[in-house]
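The primary structure of each chain is shown beneath.
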2 protein chains.
Amino acid sequence: MDTSDASGTAAASTALLTDQYELTMLAAALTDGSADRRCSFEVFARRLPNGRRYGVVAGTGRLLDALADFRFGEAELAVVARFLDDRTLEWLRGYRFGGDIDGYREGDLYFPGSPILSVRGSFAECVVLETLILSILNHDSAIASAAARMVSAAGDRDMIEMGSRRTHELAAPASSRAAYLAGFDATSNLEAVRRFGVPGAGTSAHAFTLLHSGPDGADEAAAFRTQIEALGLGTTLLVDTYDIAKGVATAIEVAGPGLGGVRIDSGDLGVLARQVRDQLDALGATGTRIVVSGDLDEYAIASLRAEPVDVYGVGTSLVTGSGAPTAGMVYKLVEVDGTPVAKRSSHKESRGGAKSAVRLARPTGTIVEEIVYPMAGPAPEPDGFEARDLSVPLVRGGRVLDDRPTLRESRDLVARGLVSLPWEGLKLSAGEPAIPTTFLQ
Amino acid sequence: MDTSDASGTAAASTALLTDQYELTMLAAALTDGSADRRCSFEVFARRLPNGRRYGVVAGTGRLLDALADFRFGEAELAVVARFLDDRTLEWLRGYRFGGDIDGYREGDLYFPGSPILSVRGSFAECVVLETLILSILNHDSAIASAAARMVSAAGDRDMIEMGSRRTHELAAPASSRAAYLAGFDATSNLEAVRRFGVPGAGTSAHAFTLLHSGPDGADEAAAFRTQIEALGLGTTLLVDTYDIAKGVATAIEVAGPGLGGVRIDSGDLGVLARQVRDQLDALGATGTRIVVSGDLDEYAIASLRAEPVDVYGVGTSLVTGSGAPTAGMVYKLVEVDGTPVAKRSSHKESRGGAKSAVRLARPTGTIVEEIVYPMAGPAPEPDGFEARDLSVPLVRGGRVLDDRPTLRESRDLVARGLVSLPWEGLKLSAGEPAIPTTFLQ
């Protein structure tokens with residue numbers, strides 16, 4: 001057992017982020033020649049979780065990077081040699097995805113049955129990518145989909161993602177990235193700052209205030225004084241360690257009315273925000289912002305709409321997808337040598353054939369329908385609607401295309417997507433998808 | 001923005017798996033000398049999620065490895081230099097945790113308020129570890145706690161973890177490890193095989209059967225024949241791509257009655273398992289095992305108790321913690337220079353002072369109570385009960401102690417823990433923790 005690298009950091013290769021059955025299927029397919037058949041696999045979600053109205057595609061950028069690192073070196077081959085024959089090992093040694101991938105743009109909305117990714121090539125080269133593709137898209141899309149609901153509930157107030165402590169240490173920066181994509185303004189996670197360029201942010205913890213106490217008891221003023229001295233007047237002081245009203249009074253006493261912000265992390269946030277706002281205003285600190293945190297989800301955020309909150313700090317519910325920690329996307333074989341194939345057993349039917357999609361919008365920009373059609377066939381062009389192509393080329397002959405959107409461009413796409421939804425689509429309550437999807441044969 | 005390593009793989013250093021506020025608090029504490037105060041931080045869970053009866057501590061081994069890699073090299077310093085002063089940067093450059101850590105053994109049960117980890121040293125050296133510690137323990141404990149309920153619901157039937165596609169690509173091997181710790185028998189995830197030595201397993205996907213079809217239609221027999229040829233008679237054939245009864249008939253026709261197993265992945269698993277068992281027996285395949293999968297959680301597993309199922313394959317619900325994707329543990333400052341400290345604001349009270357714990361058991365081995373007591377004070381020794389020390393030394397003077405349990409030893413500890421629970425403790429329904437906890441002052 002290798003325990004030298006047990007921290008969760010992985011080797012550069014992503015090839016073992018794979019389920020064993022993909023490689024045993026490969027081994028079997030190599031014995032009868034079926035490994036070379038031309039196949040299309042499709043990523044889609046059968047449904048949206050918990051009556052959600054829309055989903056947000058996220059992770060595509062990370063996936064395309066991980067695809068480039070999907071190589072079997074000697075270290076990876078040594079692991080799979082325990083259950084694979086020599087022919088399969090030789091095949092893996094030379095593996096490099098050489099097929100084509102089309103898919104929805106990162107940041108685009110999706111609905112049940114949307115052909116989010118279409119992967120085409122030999123059975124062998126496509127089948128081994130299932131787990132890598134689904135892990136990344138299911139995780140990142142789950143986070144982005146939850147985040148978008150929070151962002152839309154928050155209106156134009158600022159949102160800080162601070163959930164790193166509530167998820168796997170390397171899922172944390174990916175969550176920060178997905179939250180930023182969906183419209184969050186900043187993250188507490190430093191690895192997300194480094195790796196993805198997400199803006200960093202942070203306030204202070206109760207530990208810092210508690211640290212400034214001794215045999216004579218608490219000394220909140222000393223903690224605030226030190227924080228301001230070190231970090232400047234723009235910092236945010238955490239005022240709820242002892243008594244909030246006293247905490248606010250002490251904060252302004254120490255900082256003066258030019259203090260950047262105060263954070264409330266417990267109690268009835270709506271009531272407290274209003275009390276603190278009144279107190280700050282009475283002290284002349286009319287520009288001091290109020291940051292609230294503590295078990296916020298999209299519903300709590302929405303319920304604070306009428307309260308004087310400036311910034312939401314969101315943790316647990318963000319990184320756990322607010323009740324839907326995985327997007328439930330699947331990777332299904334839909335076409336073999338040009339012929340559509342589909343599973344027929346109950347409850348898990350799939351639609352055969354490689355597909356593309358367009359989304360129809362009224363001249364006002366409000367979307368009304370998604371149409372999924374055979375990739376080979378002509379794109380539908382209904383009268384009176386603008387039809388936007390949803391499936392764009394991502395990989396050709398194994399080469400990742402150069403015109404990938406930046407994270408910021410994908411973030412803009414999410415924002416435009418939210419604006420394009422019919423008003424029912426932005427409701428937080430459970431219901432039908434915001435628009436219907438039509439499947440053309 | 002660095003996008004060269006966007007796959008989710010991290011650099012060797014774990015130092016940036018950290019929330020920004022830890023470093024700004026450090027910077028502030030360095031300005032007034034409070035950074036050097038001797039502090040105790042404690043990891044505990046205020047409650048168990050969703051009325052669970054117990055939790056399972058997991059991740060300690062991964063954490064101790066990650067701790068050794070918590071170093072600020074030039075790459076990490078360049079990121080934090082954007083918001084930190086030179087003195088803080090110099091301090092981080094030389095950082096190496098030099099304090100002491102005690103904690104529950106990996107695999108031990110825990111309850112609300114259990115002092116799962118006690119971290120002691122200067123404020124500075126302890127405060128920067130919050131996120132790393134909580135990310136790992138919250139993730140792994142959430143998965144192990146859910147997994148243990150599934151294992152206990154499954155009785156002595158085999159369990160395969162196959163959830164990699166439903167979680168972050170690097171959370172997946174950590175989930176496999178946590179599931180194995182809790183009593184699962186194998187995993188589909190190859191990185192977990194490599195990194196943690198978890199036994200690997202796998203069957204086949206619908207894609208493989210669908211691949212063996214062409215202009216003349218489906219050819220399930222060809223798929224089965226190839227799989228058996230390549231992987232041997234012990235393999236498990238997936239029989240529900242088209243019609244299950246026909247699938248089973250074809251499987252035995254092709255393989256003979258010595259076939260290793262068949263898998264059912266859809267439909268009413270209980271009804272189907274019974275029908276398939278009858279059919280297999282009638283065909284003489286009395287030793288062919290039945291593997292079921294498809295949206296199984298602990299409740300579905302328990303409901304199949306009376307059915308002829310041999311192996312459960314569990315995916316989504318395992319890696320998402322079956323409704324509790326994070327364990328909700330917190331990292332709180334509890335003592336400064338020998339004086340207990342505690343937050344006083346509403347709903348998030350904490351108990352001051354560094355603590356140890358013992359768990360009391362009847363002579364039969366059934367546990368009855370947990371007692372949390374001041375670390376400095378004498379351990380309670382109540383009459384008539386065996387009192388087992390729960391807090392053991394893990395790190396001394398920054399050095400990880402050598403007598404760490406192996407993953408298999410921790411797995412045995414979980415198994416012994418489940419046996420030690422009073423019978424109500426194994427109920428799947430929501431309720432009180434299996435044993436009460438007493439806090440001595």
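Every value quoted in this text rests on a predicted model; they were computed, and no experiment measured them.

Undergrad: Whenever I open this one, the interface of chain B and chain A confuses me. Can you help?
TA: Many authors give the size of an interface as the accessible area that is lost as the parts come together. On the chain A side, the residues contacting the 107 residues of chain B number 108 residues. Buried surface at the junction of chain B and chain A, summed over both partners, amounts to about 9,400 Å²; 61% is from carbon and sulfur atoms. Seen at the junction of chain B and chain A, the total is six salt bridges. For E169 of chain B, the salt bridge goes to R62 of chain A, with nearest N and O atoms at 2.7 Å. Taken together, the connections running from chain B to chain A amount to 40 residue pairs in polar contact (both at pLDDT 80 or more). A per-element tally of the side of chain B that touches chain A places helix α1 (residues 20-32) of chain B first, with 10 residues. Along the lines of polarity and charge, the residues of the side of chain B that touches chain A split into 44 nonpolar, 40 polar and 23 charged.

Undergrad: I tried to follow the packing of helix α6 (residues 130-154) of chain A against helix α7 (residues 171-181) of chain A on my own but got confused; where do I start?
TA: When two helices pack together, their arrangement is given by the angle between the helix axes and the distance between those axes. Residue and element names in this part refer to chain A. Packing of α6 against α7 brings their axes to within 8 Å, and their N-to-C directions diverge by 45°. Relative to α7, the element α6 lies oblique. When the axes of α6 and α7 are compared, the crossing they make is right-handed. When α6 is examined against α7, the residues H139, D140, I143, A144 and A147 are found in contact with a partner set consisting of A171, A174, S175, R177, A178, A179 and L181. Partitioned by chemical class, the residues of the contact of α6 with α7 number eight nonpolar, two polar and two charged.

Undergrad: Before we go on, may I ask you to explain the sheet that holds strand β5 (residues 117-122) of chain B in this structure?
TA: Strand-to-strand pairing in sheets goes through backbone hydrogen bonds, with the strands running parallel or antiparallel. Residues and elements named next belong to chain B. A sheet is described by the order of its strands in space; here seven strands give the open sequence β15-β14-β1-β5-β3-β19-β20, paired in antiparallel fashion. On the outer flanks of this sheet lie β15 (339-340) and β20 (399-400), each paired with one strand and no other. As judged from the six bridges shared by strand β1 (residues 38-45) and β5, these two strands associate in the antiparallel manner. Opposite F41, over in β5, you have V119 as the bridge partner.

Undergrad: Would you explain helix α6 (residues 130-154) of chain B in this entry?
TA: In an α-helix, one turn spans 3.6 residues, which is why side chains three or four residues apart end up on the same side. All names here are of chain B. Over its 25 residues, α6 extends 36 Å from the first C-alpha to the last, a length consistent with the 36 Å expected when each residue adds 1.5 Å. Extensive coverage of α6 is indicated by the burial of 24 of its 25 residues. G155 sits one or two positions beyond α6 and adopts a positive phi of about 60°.

Undergrad: What's the story with the pairing of strand β17 (residues 367-374) of chain A in this structure? I'm lost.
TA: Both faces of the sheet carry side chains from a regular strand, because those side chains alternate between them. Residue and element names in this part refer to chain A. With six of eight residues buried, β17 is to be regarded as a mostly interior element. The pairing of strand β16 (residues 355-361) with β17 spans seven bridges and is antiparallel. Residue pairing across strands places A361 opposite I367, the latter belonging to β17. Count of turn residues in the β16/β17 antiparallel hairpin: five residues, of which G365 carries a positive phi of about 100°. Summarising the sheet, β17 and strand β21 (residues 437-439) pair through three bridges and their orientation is parallel.

Undergrad: Explain helix α12 (residues 269-282) of chain A to me, please; I cannot follow it from the model alone.
TA: All names here are of chain A. An ideal rise of 1.5 Å per residue puts 20 Å on 14 residues; α12 measures up with 19 Å between its terminal C-alpha atoms. Every buried residue of α12 is accounted for by L269, G270, L272, A273, V276, R277 and L280. An end-on view of α12 places all buried positions within 160° of arc, on one side of the element. Looking at the buried positions of α12, the neighbouring elements they touch are α11 (244-255), β11 (261-264) and β12 (289-293).

Undergrad: Before we go on, may I ask you to explain the domain arrangement of chain A in this structure?
TA: Residues and elements named next belong to chain A. The domain boundaries assigned to chain A delineate domain 1 (20-143 + 324-439) and domain 2 (155-323). Averaged C-alpha coordinates put domain 1 and domain 2 at centres separated by 38 Å. Between domain 1 and domain 2, the residue contacts involve 20 residues of the former and 23 residues of the latter. Buried area between domain 1 and domain 2, summed over both chains or domains, comes out near 1,800 Å², and the portion from carbon and sulfur atoms is 60%. The largest contributions to the domain 1 side of the interface with domain 2 come from I143, L407 and R411, which together make up 40% of the buried area.

Undergrad: Looking at this structure, I do not really get the pattern of salt bridges. What am I missing?
TA: Pairing of side chains with opposite charge becomes possible as their charged atoms draw close. All names here are of chain A. Counted by the stated rule, this structure contains 50 salt bridges over all chains. Put simply, R388 and D108 hold a salt bridge, and the shortest N to O gap is 2.8 Å. Of this pair, R388 sits in strand β18 (residues 386-389) while D108 sits in the loop between β3 (100-104) and β4 (109-110), and the two are 280 residues apart along the sequence. Residue class for R388 comes out partly exposed when judged on its relative accessible area of 28%. Residues joined in a network through salt bridges with shared partners are D108, R359, E370 and R388.

Undergrad: Can you walk me through the relation of the copies chain B and chain A in this structure?
TA: Mapping chain B onto chain A leaves a residual RMSD of 0.0 Å; the transformation is a rotation of 180° accompanied by 0.0 Å of translation along its axis. Classification of the inter-copy transformation places it as that of a two-fold axis.

Thresholds, definitions, all that
- Sequence order as written defines the numbering, with residues in each chain counted from 1.
- For this description, chains carry letters from A and ligands carry numbers from 1, given in the order in which they are written.
- Local features in a predicted model are, by the rule used here, given only for residues with pLDDT of at least 70; side-chain atom pairs are given and counted only at 80 or more, and totals for whole chains, interfaces and linings are based on all residues.
- Side-chain metrics rest on all non-hydrogen atoms present in the structure, leaving aside hydrogens and water.
- Residues are treated as being in contact if the distance between any of their heavy atoms lies within 4.5 Å.
- Two parts placed together each lose some accessible area; with a 1.4 Å probe, that loss summed over both constitutes the buried area.
- A carboxyl oxygen of Asp or Glu within 4 Å of a side-chain nitrogen of Lys or Arg is what we treat as a salt bridge.
- Any pair of nitrogen or oxygen atoms within 3.5 Å is treated as a polar contact; in protein, a donor-acceptor pairing is required on top of that, and neighbouring residues in sequence qualify only through side-chain atoms on both sides.
- Secondary structure counts use DSSP, requiring at least four H or I residues in a row for a helix and at least two E residues in a row for a strand, with both numbered from the N terminus.
- The residue classification treats Ala, Val, Leu, Ile, Met, Phe, Trp, Tyr, Cys and Pro as nonpolar and Asp, Glu, Lys and Arg as charged. All others, Gly included, are polar.
- To get an axis, fit a line to the C-alpha atoms, keeping to the stretch in contact for a helix; angles then go from 0 to 180 degrees between the N-to-C directions.
- Angle categories: roughly parallel below 35 degrees, roughly antiparallel above 145, roughly perpendicular from 65 to 115, and oblique for all the rest.
- Should the near helix be turned anticlockwise from the far one by less than a right angle, the crossing is termed left-handed; should it be turned clockwise, right-handed.
- Strand pairing is defined by DSSP finding a minimum of two bridges between the two strands.
- Multiplying 1.5 Å by the residue count of a helix minus one yields the expected span of that helix.
- The classification of residues rests on relative accessible area computed with a 1.4 Å probe and restricted to protein chains. Under 20% of the type maximum is buried, over 50% is exposed, and intermediate values are partly exposed.
- Each C-beta atom gives one direction from the helix axis, and the arc is the one those directions make.
- Note that domain bounds follow an automatic or database assignment of domains.
- Here the copies are matched by least squares. The fit uses the C-alpha atoms of residues with pLDDT of at least 70 in both.

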